[in-house]
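# Understanding the architecture of this molecule
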Amino acid sequence: MVEVLPANYFAELDPGSLFPDSRHPLELDVGCGDGTFLQRMAAHYPERNFLGIERLSGRIRRICRLAASQQLSNVRVIHLESAYTLSWLLPAGCASRIHLLFPDPWPKKRHAFHRFVAPDNLQGIHRALAPGADFLFKTDHEDYYTEATGVVDLSPHFTRLPWIPDSEFYPVTDFEQQWLDAGKRIQAARWQRV
Ligand SMILES: C[S@@+](CC[C@H](N)C(=O)[O-])C[C@H]1O[C@@H](n2cnc3c(N)ncnc32)[C@H](O)[C@@H]1O
């Protein structure tokens, strides 16, 4: 089953129990959308496990169809709020990488407080990552990029790293493709959890 349905949403979830091989490193795709990035990563890296977190049920259904049609045994998706999943449901230090790719930008000033990269959520990201693991962030939104990099760079719990080399497989996401087609500038940042 691709969709994760915890028996108890108030007990810590053992991510190892979700995959055929629990020894593989776990990568989280926070707000994974339609799941193209997730599915391509899982197909490319069968020796890693991937868990997508998404709050829209239509997108969850699409990911389940995709993963089943491609017989990807290393993809799972959970229909839940990212903040809760990172801060409470998953065990501390479970993730080898967290991808936050094109999170909703909340472009209006009065809505900007909804943006995911904020001190509270950063604590959840830090908690879920193993020491030395990476947090990867991409956006097309200039103001969000400035704000988010400001928040994470100020944190003593993260160290900025250069973006991953071009030679490393890192597929374009569904939203990224839209913004590239529209001629928008994409910015990316990567940090290591201290
Ligand atoms: C702009 S889309 C980007 C999707 C995908 N990462 C991509 O780049 O194609 C943002 C996604 O995050 C999901 N999302 C936003 N806030 C969320 C939250 N708090 N918890 C889970 N999913 C969330 C939205 O439903 C949406 O699918």
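One structure accompanies this document, and this report is about it. Given the structure is predicted, the values throughout are model-derived calculations rather than measurements.

### Looking at the sheet that holds strand β6 (residues 129-139)
Hydrogen bonds along the backbone pair up the strands of a sheet, which may run parallel or antiparallel. Taken in spatial order, the eight strands of this open sheet run β1-β4-β3-β2-β5-β6-β8-β7, and their pairing is mixed. The strands lining the two open edges of the sheet, one partner per strand, are β1 (3-4) and β7 (158-161). Note: β1 against strand β4 (residues 75-79), two bridges, orientation parallel. When the bridges of β4 are listed, Val4 appears paired with Ile78. Lying on the sheet, helix α5 (residues 142-154) is in contact with β6, β7 and β8 (187-193); it crosses β8 at an angle near 15°.

### Structural notes on the site of the ligand
Residues in contact with the ligand amount to 16 residues; listed here are only the nearest, Glu54, Arg59, Glu81, Leu101 and Thr173. The separation between a nitrogen atom of the ligand and a polar main-chain atom of Leu101 is 2.7 Å. Asp174 has a polar backbone atom sitting 3.4 Å from an oxygen atom of the ligand. Mapping the ligand onto the cavity grids shows that it belongs to the largest pocket. Classifying every residue of the shell around the ligand by side-chain character gives six nonpolar, four polar and six charged.

Definitions and cut-offs
- Residues numbered from 1 in each chain as written.
- Predicted model: local features only at pLDDT ≥ 70, side-chain atom pairs only at ≥ 80, totals over all residues.
- Heavy atoms only, no water.
- Pairing = 2+ DSSP bridges.
- Helix = DSSP H or I, 4+ residues; strand = E, 2+ residues; numbered from the N terminus.
- Contact = heavy atoms within 4.5 Å.
- Axes fitted to C-alpha atoms, helices over the stretch in contact; angles between N-to-C directions.
- Near = heavy atom within 4 Å.
- Polar contact = N/O pair within 3.5 Å; in protein donor to acceptor, adjacent residues only side chain to side chain.
- 1 Å grid on protein atoms, 1.4 Å probe; cavity = no way out; pocket = protein on both sides within 12 Å on 5 of 7 lines; lining within 4 Å.
- Sits in = over half its atoms within 2 Å of the grid points.
- Nonpolar A, V, L, I, M, F, W, Y, C, P; charged D, E, K, R; others polar.

Nothing here speaks to function; it is geometry throughout.
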